[in-house]
Amino acid sequence: MSAARTPIDVIASYPAHDGTLWSMLASRAAAAPDREFIVFHGESLTYLGAAQDVGRAAALFAARGVRAG
């Protein structure tokens, strides 16, 4: 039986990110794109699928003039 991994061990296994929600999602999508991110009403979304959806939403907001701050 293997020892349980600590949260720090898990975090350290992914590429570095800048602490934003987007960078954390992108980091996980880069490391494990096909890994299941979320299941809602029986539908599964991978890390890559979630990152792509977030990217499309961000582009939509930016096109409508939404900016940081």
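In case you missed it, the structure is sitting above this.
J.: Can you lay out the overall build of the protein for me, pointing to particular residues and giving the numbers?
T.: The number of helices and strands found in the protein is three helices and two strands. The linear arrangement of helices and strands in the protein, starting from the amino end, is α-α-β-β-α. Relative to the 2.2 N^0.38 estimate, which gives 11 Å for 69 residues, the radius of gyration of the protein is 15 Å and therefore markedly larger than a compact globule would have. Residues counted as buried form 16% of the 69 residues belonging to the protein. The long-range fraction of contacts in the protein, counting pairs at least 24 apart against all pairs at least 6 apart in sequence, stands at 14%. Counting only carbon and sulfur atoms, one obtains 63% of the accessible surface of the protein, whose full area is about 5500 Å².

J.: Talk me through the side chain of Ser23; I want residue IDs and the actual numbers.
T.: Counting through the fold element by element, Ser23 comes out in helix H2 (residues 21-31). Look at Ser23 and you get buried, because its relative accessible area is 13%. A polar contact of 2.6 Å, which involves the side chain of Ser23, links it to the side chain of Asp18. Setting aside chain neighbours within four positions, we find Ser23 in contact with His17 and Asp18.

J.: Describe in detail the side chain of Arg28, supporting the description with residues and values.
T.: Inspection of the secondary structure puts Arg28 in helix H2. One buried charged side chain, Arg28, makes no salt bridge at all; its nearest oppositely charged neighbour is Asp18, positioned 9.8 Å away.

J.: How would you explain the pairing of strand S1 (residues 36-40) if you had to name every residue and give the values?
T.: Residues in a regular strand project their side chains so that they alternate between the two faces of the sheet. Two elements, S1 and strand S2 (residues 43-46), share four bridges in a ladder whose sense is antiparallel. Among the inter-strand pairings, Phe40 is bridged to a residue of S2, identified as Glu43. Counting the residues in the hairpin turn of S1 and S2 gives two residues, including His41, whose phi is positive at 50 degrees.

J.: Account for H2, with residues named and values stated.
T.: Residues lying three or four places apart along an α-helix face the same way, a consequence of the helix completing one turn every 3.6 residues. Taken as a whole, H2 has its buried residues at Ser23, Leu25, Ser27, Arg28 and Ala29. Elements that come into contact with the buried residues of H2 comprise helix H1 (7-12), S1 and helix H3 (47-63).

J.: Go over unusual backbone geometry with me, naming the residues and quoting the values.
T.: Positioned with a positive phi, His41 is a non-glycine residue whose angle comes to about 50 degrees. Summarising the element assignment, His41 is placed in the loop between S1 and S2.

Parameters at a glance
- Residues numbered from 1 in each chain as written.
- Predicted model: local features only at pLDDT ≥ 70, side-chain atom pairs only at ≥ 80, totals over all residues.
- Heavy atoms only, no water.
- Helix = DSSP H or I, 4+ residues; strand = E, 2+ residues; numbered from the N terminus.
- Rg over C-alpha atoms; globule rule 2.2 N^0.38 Å.
- Buried < 20%, exposed > 50% of the residue type's maximum accessible area, 1.4 Å probe, protein only.
- Contact = heavy atoms within 4.5 Å.
- Areas by Shrake-Rupley, 256 points an atom, 1.4 Å probe, with all protein chains shown as cover.
- Polar contact = N/O pair within 3.5 Å; in protein donor to acceptor, adjacent residues only side chain to side chain.
- Lys, Arg positive; Asp, Glu negative; His and termini not counted.
- Salt bridge = Lys/Arg side-chain N within 4 Å of Asp/Glu carboxyl O.
- Pairing = 2+ DSSP bridges.

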